[in-house]
Structure formats: C-alpha cells, structure tokens
Amino acid sequence: MTDIQKTAGGKSAPPAAPEAIKAIPVKHYGRYVSALIAIALLAAIVYAFGQGKINWHAIPDYFFDDRILTGVGKTLLLTVLSMVIGIVGGIVLAVMRLSKNPVTSSIAWFYIWFFRGTPVLVQLFLWFNLGLVFEYINLGPIYKNYWSDFMTPLLTALLGLGLNEAAYMAEICRAGLLAVDEGQTEASHALGMSHAKTLRRVVIPQAMRVIVPPTGNEVINMLKTTSLVAAVQYPELFRYAQDIGQNSGAPVEMYFLAAAWYLIMTSILSVGQYYIERYYARGSSRQLPATPWQKVKANMISLGRPRGSVGA
C-alpha cells in the first residue's frame, strides 16, 4: 500500500515529481568496425592504383581532346535516336500485346521473346552481316543499292540498339497501362469519352508514374550500351578512346578517361530522371519530398539560426 504523507492540517501532500529519465545511447560497435574495414579497403585500392604503372597525367591531357568531344556528341546522339526508336516501337508493341486480336498479339509476343532472348552484340553483328542473305536492298524506284553500302555503321547501331530497346519498352509500357484500374476506363466511357481520349486524358497520365522510372533507367543503360557499337566500326566515345590509346601508347589511361565521361553523362541523366519522376508523382503524393537543393537550403537556414530560437 502506498504511503500518503499528510500535512499539519490533515491534507495529503502532493506527490513528489518523478526523476528525469537519463537516456543512455546504444553503442553500435559493429558500425565502427565495418566503417574501419571499408575505409581500410578504400585506402588499399587507392594505394594500389597509385603504385600501378599508369600515366595519370595522360587523362587530363586528352580529356577535352577534339576526338573525345566528338565521340561524346555521337554517343549522346546515338542514345537519343535509339531511345526514340525504342519508345515508339515499344508503344506499338504494347498496344499489340494488349490487343484482342490473337495474330497481332502473337507477333508482338514473338518479337519481344526474340529480341529479349538474344544479346545486343549478337544482334549488331547479325545486322552488319546480313549482306550474306540480302545482296541488294531494292525498294523499287525509291532506292536500290548493295546491302553492304546500305547498312552503314550508324544504321547498324540504330537498328541493333533501337529494335532491342523496343522489346523492353513494350513490357514497361504494358505494365504501366495495366497498372491503371479498369474502373477509370469504365467511368470515362460512361461519361461519353472515346477510347482514344480516355487513353490520352485518363489512362496514360496515370500510367506515366509507373512508366517513367524504368524508362529513365533504360535511357541510362542505353547510354552505356552504345559502347558496344565500337565492334561494328561506329566511331563513338569508346571507339575514339581506343584509337587514341593505341596511338599514344596509353590504352588503359584512355579507358579510365572514357569511364569518367560515362560517369559524367549518366550523373546528369540521373538528375533529370529524378525531377521527371517528381513531376509525375504529383498526383499520387499529398506532399512531395524535398529536393536535394531544398534540403541544402533548409540545412543552411537552420545552421544560421541562433540557438534556442523558434521558427515561424
């Protein structure tokens, strides 16, 4: 039974205030050990590269070489054109896959099965060597030429990369369209909207939230995959880096240079992907998360605010 203290007047005294809880932080020794191991491994890798027989001064000497910059431009151009072919072809294939016509649906399924099941490098060599099958390309009065002259390295690269990308984009677009609830389409038709208008105004805007993130990943992956077209003699960034490396006697250094340029370009594309995803996420989130720049500004404001002050 709890003792009750009474005052001289017979009234009970107020209970004593509880002692403040002293929080003792939990020590995570595993974090410290793993951090030390990671730092040690990083230092060992840096030391190994520093001791290697690599002429690091050759990288800044050729970083802005005219041939390298030309290769960067051609890499970006090839990425954009291949993605345009892939996105347009993917939309068409996705519609065909969702069609109730068994013939068009089967053709789209076979296309996706074939191009997703064979490596990109193999497809590039197949396009490049189809002159063994088709000696001429004959489009009647429009165009006629030998296949070897018609299938240039640029056209080979566009067909090999673009048609392969269409197979992946078809599945991405199909998944985005199927992610929209069927009740949205039924409600739109009940309001008198046509099928095309329903797709344009209701289904596609909601599907974009599902389509955009993997499409951004595909763009970044396409930028890196363009390095494969060096095998069919198309002069892009990796091809120019190889040529400079062979002529200058610094092939490994030029590989590091190419890797640095790929990192720069993919980083810029990643930033663009972040803001595009943020734009299409407006309808699914009540409050969008702060952007990195907004977080930096908030931290700067909090650091500049005097201690003990209360924000508005």
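Residues numbered from 1 in each chain as written. Predicted model: local features only at pLDDT ≥ 70, side-chain atom pairs only at ≥ 80, totals over all residues. Heavy atoms only, no water.

Remarks on the overall build of the protein
No. 1: When its secondary structure is counted, the protein shows 12 helices and two strands.
No. 2: In the protein, the order of α-helices and β-strands from amino to carboxyl end is α-α-α-α-α-β-β-α-α-α-α-α-α-α.
No. 3: Accessible area of the protein: about 21,300 Å², with a carbon and sulfur share of 65%. (Helix = DSSP H or I, 4+ residues; strand = E, 2+ residues; numbered from the N terminus. Areas by Shrake-Rupley, 256 points an atom, 1.4 Å probe, with all protein chains shown as cover.)

Quick notes on a nonpolar patch on the surface
No. 1: Residues Val-80, Val-84, Val-88 and Val-92 make up a contiguous nonpolar surface patch of about 330 Å² in total accessible area.
No. 2: On the accessibility criterion, Val-84 (47% relative accessible area) is partly exposed. (Patch = residues over 30% accessible without salt bridge, like charges linked within 9 Å, V, L, I, M, F, W, Y side chains within 5 Å. Salt bridge = Lys/Arg side-chain N within 4 Å of Asp/Glu carboxyl O. Buried < 20%, exposed > 50% of the residue type's maximum accessible area, 1.4 Å probe, protein only.)

Things to note about unusual backbone geometry
Backbone geometry follows two general trends: most residues other than glycine have a negative phi, and most peptide bonds adopt the trans configuration.
No. 1: In this structure, Gln-233 is a non-glycine residue whose phi angle is positive, near 70°.
No. 2: With respect to the element layout, Gln-233 can be found in the loop between helix H9 (195-225) and helix H10 (237-248).

Some remarks on the pattern of salt bridges
No. 1: All chains considered together, the criterion is met by three salt bridges.
No. 2: In this structure, the salt-bridge partner of Glu-171 is Arg-97, at a minimum N-O distance of 3.8 Å. One end of the pair, Glu-171, is in helix H7 (residues 153-179); the other, Arg-97, is in helix H3 (residues 66-97), and 74 residues separate them in sequence.
No. 3: According to the relative accessible area criterion, Glu-171 is buried, its value standing at 18%.
No. 4: Exposure remark for Arg-97: the relative accessible area of 22% places this residue in the partly exposed category.

Topic: the nonpolar core
No. 1: In this structure, Leu-78, Leu-124, Leu-161, Met-169 and Val-229 are the most contacted members of the largest nonpolar core, which totals 19 residues.
No. 2: Elements supplying a minimum of two residues to this core: H3, helix H5 (120-128), H7 and H9.
No. 3: No other element matches H7, which puts six residues into this core.
No. 4: Excluding anything up to four places from it in sequence, Val-229 contacts Leu-78, Leu-124, Ala-157, Leu-161, Tyr-234 and Glu-236.
No. 5: In this structure, Ala-58, Ile-68, Leu-257 and Trp-261 belong to the second largest nonpolar core, which totals 15 residues. (Core = buried A, V, L, I, M, F, W, Y, C linked by side-chain atoms within 4.5 Å. Contact = heavy atoms within 4.5 Å.)

As for H10
No. 1: Over its 12 residues, H10 runs 16 Å from end to end, which matches the ideal 16 Å to within 8%, given 1.5 Å per residue.
No. 2: Those residues of H10 not exposed but buried are Leu-237, Tyr-240, Ala-241, Ile-244 and Gly-245. With its buried residues spanning 135° around the axis, H10 presents them on a single face. Those residues of H10 that are exposed and angled more than 90 degrees off the buried face are Gln-246 and Asn-247.
No. 3: Tucked inside the fold, the buried residues of H10 contact helix H2 (58-62), H3 and helix H11 (251-280).
No. 4: Its side-chain oxygen placed 3.0 Å from the backbone nitrogen of Phe-238, Glu-236 serves as the N-cap of H10.
No. 5: Of the residues flanking the end of H10, it is Gly-249, one or two places downstream, whose phi is positive at about 75°. (Expected span 1.5 Å × (residues − 1). Arc of directions from axis to C-beta. Polar contact = N/O pair within 3.5 Å; in protein donor to acceptor, adjacent residues only side chain to side chain.)

Some details on the packing of H9 against H11
No. 1: Direction vectors running N to C along H9 and H11 enclose 175°, while the axes themselves pass 10 Å from each other. Classed by the angle they form, the pair H9 and H11 counts as roughly antiparallel. Counted together, Met-208, Arg-209, Val-212, Pro-213, Gly-216, Asn-217, Val-219, Ile-220, Leu-223 and Lys-224 of H9 and Tyr-262, Met-265, Thr-266, Leu-269, Ser-270, Gln-273, Ile-276, Glu-277 and Tyr-280 of H11 form the full contact between these two elements.
No. 2: The class makeup of the residues in the contact of H9 with H11 is 11 nonpolar, five polar and three charged. (Axes fitted to C-alpha atoms, helices over the stretch in contact; angles between N-to-C directions. Parallel < 35°, antiparallel > 145°, perpendicular 65-115°, else oblique. Nonpolar A, V, L, I, M, F, W, Y, C, P; charged D, E, K, R; others polar.)

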